[in-house]
Structures are given as structure tokens and as C-alpha cells.
Amino acid sequence: MTSMDLISKNKSKIKVAMSVCARCGMCAESCFLYVANNKAPEYMPSYKMINSIGYILKKKGKLTKQEKEKIKEIVWDRCVLCTRCYCAFGIDIPWLISLARGFLREQNCFKTFDG
């Protein structure tokens, strides 16, 4: 099963998460990267979720190289999948970010760590 198949299979769950997210910011303080980066909005878990898997779903997986690179920065540079992000509405943000990572991996767009 490809990651796009996995995204399609979970389309309704992803859509519910996107619609349930109130963009309230309550998840923000649970993210140490958000706090460590002077509370920059692009480090908020909700921002990362919406602008990664939400964007992939919206575009039906048809992304330009530039769009993939932007999402790559969000899901690898701004998130370490520590699973500490907390959503008062029960959205599983780490799972959604991991779906976005899987999609990008299959597109051969991933973060490498060279020595």
C-alpha cells in the first residue's frame, strides 16, 4: 500500500481532523520547538498539521517540487515527532505528520542527515 493509498484510506479521518481543529493554539505550548523558537506560529503543531497533510489532501497528492520541499521543511525541520503535542479536541497530530512524512518519502523527498 502506497502512502497516497493510506492517505486516501484515511481521508475521512484527515478531513475530520482538519475541520475539528479550531486553530485555538492550545497545542502550541506542548511543542518544545514552538517554545524554543520564540513561539513562531509556523512551529505550532496545528500549523504543521494543516500545512502538511492537510495541504497534501487538498491537492490530492499532486504537488510541485517546490510544494514538496516546503512540506519537507515543515515535517522534518519543524517537527521531531516527539508525540508531546496535545490537542484538546483529540486530534492525533503526530500520526497526521507521520502520514505526510510517508507521502514525501515515497516521492523521494526526505531529510537526510549527513555526518
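Preceding block: the structure.
Throughout what follows, the structure given in this document is the object of discussion. (Residues numbered from 1 in each chain as written. Predicted model: local features only at pLDDT ≥ 70, side-chain atom pairs only at ≥ 80, totals over all residues. Heavy atoms only, no water.)

**Considerations on the packing of aromatic side chains**
Heads up, the rule is: Two rings from Phe, Tyr or Trp (for Trp, the six-membered ring) form a pair when their centres sit within 6.5 Å of each other. Planes less than 30 degrees apart are called stacked, planes more than 60 degrees apart edge-to-face, and all others tilted. Our definition puts a charge over a ring when NZ of Lys or CZ of Arg is within 6 Å of the ring centre and also within 35 degrees of the ring normal.
What the rule picks out here adds up to 0 aromatic pairs. Across from the ring centre of Tyr43, 6.0 Å away, lies the NZ or CZ of Arg78, which sits over that ring.

**Quick word on the nonpolar core**
This is how it is decided: The term nonpolar core refers to a set of buried residues drawn from Ala, Val, Leu, Ile, Met, Phe, Trp, Tyr and Cys, joined through side-chain atoms within 4.5 Å. When a residue's accessible area, from a 1.4 Å probe over protein chains only, is under 20% of the maximum for its type it is buried; when over 50% it is exposed; and in between it is partly exposed. Only DSSP runs of H or I with at least four residues qualify as helices, and only runs of E with at least two residues qualify as strands; both kinds are numbered from the N terminus onward. It only takes one pair of heavy atoms within 4.5 Å for two residues to be counted as in contact.
Counting residues in hydrophobic clusters, the biggest one holds 26 residues, and the most contacted among them are Ile14, Met49, Ile53, Val75, Ile91 and Leu96. Elements represented by at least two residues in this core include exactly helix H2 (11-20), helix H4 (45-58), helix H5 (65-77) and helix H6 (93-106). Counting residues per element, this core draws most heavily on H6, at 7 residues. What Met49 contacts, discounting residues up to four positions off in sequence, is Ala17, Met18, Cys21, Gly54, Ile91, Ile93, Leu96 and Ile97.

**Quick word on the state of the cysteines**
We apply this condition: Disulfides are defined in this document as cysteine sulfur pairs within 2.5 Å.
Throughout the structure, instances matching the rule amount to 0 disulfides. With no disulfide partner, Cys21 has as its closest neighbouring cysteine sulfur the one in Cys87, 6.4 Å distant.

**Things to note about empty space enclosed by the protein**
Just so we agree on the cut-off: The distinction between a cavity and a pocket rests on a 1 Å grid over the protein atoms alone: a 1.4 Å probe fits inside a cavity but cannot get out, while a pocket stays open yet meets protein on both sides within 12 Å along at least five of seven lines, and a residue with an atom within 4 Å of a point counts as lining. Grid points are joined across faces, edges and corners, and a volume is the space filled by probe spheres set on the points. Under the scheme applied, nonpolar residues are Ala, Val, Leu, Ile, Met, Phe, Trp, Tyr, Cys and Pro; charged residues are Asp, Glu, Lys and Arg; polar residues are all the others, including Gly.
Inspection of the entire model under this criterion finds 2 cavities of 30 Å³ or more. By volume, the largest cavity is sized at about 120 Å³. If you trace the largest cavity, you find 17 residues lining it, with Cys31, Lys48, Cys79, Cys82 and Cys85 closest to the centre. Mapped by element, the contributors of at least two residues to the lining of the largest cavity are helix H3 (32-36), H4 and H6. In terms of residue count, the dominant contributor to the lining of the largest cavity is H6 (3 residues). In terms of residue class, the lining of the largest cavity is built from 12 nonpolar, 2 polar and 3 charged. Estimates place the volume of the second largest cavity at around 90 Å³.

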